[in-house]
Amino acid sequence: TGDGGDELFGGYNRYLYANKFWKYIKFLNPSLKSIIVKLFLSQNNNIAKYFFEKIFKIELTNSSLEKIKYKFLKINNHKDYYNSMTNEWVSENNILNQEFNKYINYDIDEIFKAESLLFEEKMMFSDFITYLSDDILCKVDRSTMHYSLESRAPFLNKKLIESAHGLPLNYKLNNGKTKIILKEILKQYLPNKFIDRPKKGFGVPIGNLFKEELRDWTYDILSYENCKKHNLFNFKSLKYHLDNHVEGKINNQYKIWSLIQFNLWYENFHLK
């Protein structure tokens, strides 16, 4: 498998976005941020989209505007910015009942305090010790073991990891391009048409499914009765975000997906 390649050699788009957006956000003091939000994000969506697309040179959806509002108001440092790109549920959503907030723990604080690392390197290191192990490798291990397959991840060879961490950042990211050194090596063996292509994930249209075919199922899994069994979620916040998604006001598919997964796990395993 190719697992580890993105985290070691800068494959995720969020690494490209890091400095592109941070250079604007870091110069805005709280007062100026509030003014921008009031002037533009509170206006008609088309006006707000036009303003931010002109600044950042990217296309925005209506649901992206809520995320931009959060970024402008709440991001004050590198770690805040990283969390805004990797966490769907932020503290302002109040999704957890108050008594559970004390259990929230971040193990990446020291990484973002490291002055020897560049912003992108902090993100890559954080992804390596959290997202890679807790999500990617977990998913691969479960799916392969289910079919009695032994997967191997050559990018996670210890010597290769050490070498990758020692490489200058411009061997990985430069001029809007990712995985530079890997692509240069591949070009010695494969035509460019197989290498210089947009990154594609493995997305599933869960957002549409929650609003259509799986609407009743979604409301059932996230019902008050099911949530009350563990009492972890603030049901008022859950219902607000779920209803907004189903009504097409904002795309909350990943917020909903995480809650569904927890409730299914709790129902099927925790109570047995």
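This one's a predicted model, so the numbers in the text were calculated from it and none came from an experiment.

### Quick look at the confidence of the model for the protein chain
Model confidence for the protein chain is summarised by a mean pLDDT of 85, while 82% of its residues fall at 70 or above. No element of the protein chain has a lower mean pLDDT than helix α5 (residues 64-74), at 65, and none a higher one than helix α13 (residues 215-221), at 97.

### Quick notes on helix α2 (residues 13-25)
Its 13 residues give α2 an end-to-end C-alpha distance of 18 Å, which sits within 8% of 18 Å, the value for a rise of 1.5 Å per residue. At N19, α2 is bent by approximately 30°, the largest bend along its length. For α2, the full list of buried residues reads R14, Y15, A18, F21, W22 and I25.

### Focus: the nonpolar core
Among the nonpolar cores identified, the biggest contains 25 residues, and L8, Y15, W22, Y81, F112, F119 and M123 are the most heavily contacted of them. Beyond its immediate sequence surroundings of up to four residues, L8 is in contact with M124, F128, F155, I161, A164, H165 and K172. Listed in part, the 15 residues of the second largest apolar core include I206, F233, V246 and I260.

### Points about a nonpolar patch on the surface
There is a patch of nonpolar side chains on the surface, built from I185, L186, Y189, L190 and F194 and spanning about 520 Å² of accessible area. Mapping L190 onto the fold places it in the loop between α11 (180-186) and α12 (206-211).

### Details of the packing of aromatic side chains
Applying the stated criterion across every chain, the model contains 13 aromatic pairs. Ring plane angle 55° and centroid distance 5.8 Å describe the contact between Y12 and Y15, whose orientation is recorded as tilted. By relative accessible area, which is 12% here, Y12 ends up buried. Here the aromatic rings of Y12 and Y131 are separated by 5.8 Å at their centres, their planes lie at 65°, and the arrangement is edge-to-face.

### Let's talk about the environment of Y15
Looking at where Y15 falls in the secondary structure, it is placed in helix α2. Take Y15: its relative accessible area is 1%, and that puts it in the buried class. Sequence separation of Y15 and T178 is 163 residues, and the distance between their C-alpha atoms is 8.5 Å. Excluding anything up to four places from it in sequence, Y15 contacts D6, E7, G10, E120, M123, M124, D127 and L173. Within the structure, the side chain of Y15 is placed 2.6 Å from the side chain of D127, a separation counted as a polar contact.

### Overview of the pattern of salt bridges
With the rule as written, the count across this model stands at 12 salt bridges. A salt bridge links R14 to D127, with the shortest nitrogen-to-oxygen separation between them at 3.1 Å. Here the residue R14 occupies a position in helix α2, and D127 occupies one in helix α8 (residues 119-129), the gap between them amounting to 113 residues. Between K249 and E247 there is a salt bridge, with its nearest N and O atoms 3.3 Å apart. Bridged by salt links that share partners, the residues E184, K187 and D196 form one connected network.

Each value, and the rule that gives it
Residues numbered from 1 in each chain as written. Predicted model: local features only at pLDDT ≥ 70, side-chain atom pairs only at ≥ 80, totals over all residues. Heavy atoms only, no water. pLDDT = per-residue confidence, 0-100. Helix = DSSP H or I, 4+ residues; strand = E, 2+ residues; numbered from the N terminus. Expected span 1.5 Å × (residues − 1). Bend = angle between axes of the 7 residues up to and from the residue. Buried < 20%, exposed > 50% of the residue type's maximum accessible area, 1.4 Å probe, protein only. Core = buried A, V, L, I, M, F, W, Y, C linked by side-chain atoms within 4.5 Å. Contact = heavy atoms within 4.5 Å. Patch = residues over 30% accessible without salt bridge, like charges linked within 9 Å, V, L, I, M, F, W, Y side chains within 5 Å. Areas by Shrake-Rupley, 256 points an atom, 1.4 Å probe, with all protein chains shown as cover. Salt bridge = Lys/Arg side-chain N within 4 Å of Asp/Glu carboxyl O. Phe/Tyr/Trp six-rings, centres within 6.5 Å; stacked < 30°, edge-to-face > 60°. Polar contact = N/O pair within 3.5 Å; in protein donor to acceptor, adjacent residues only side chain to side chain.

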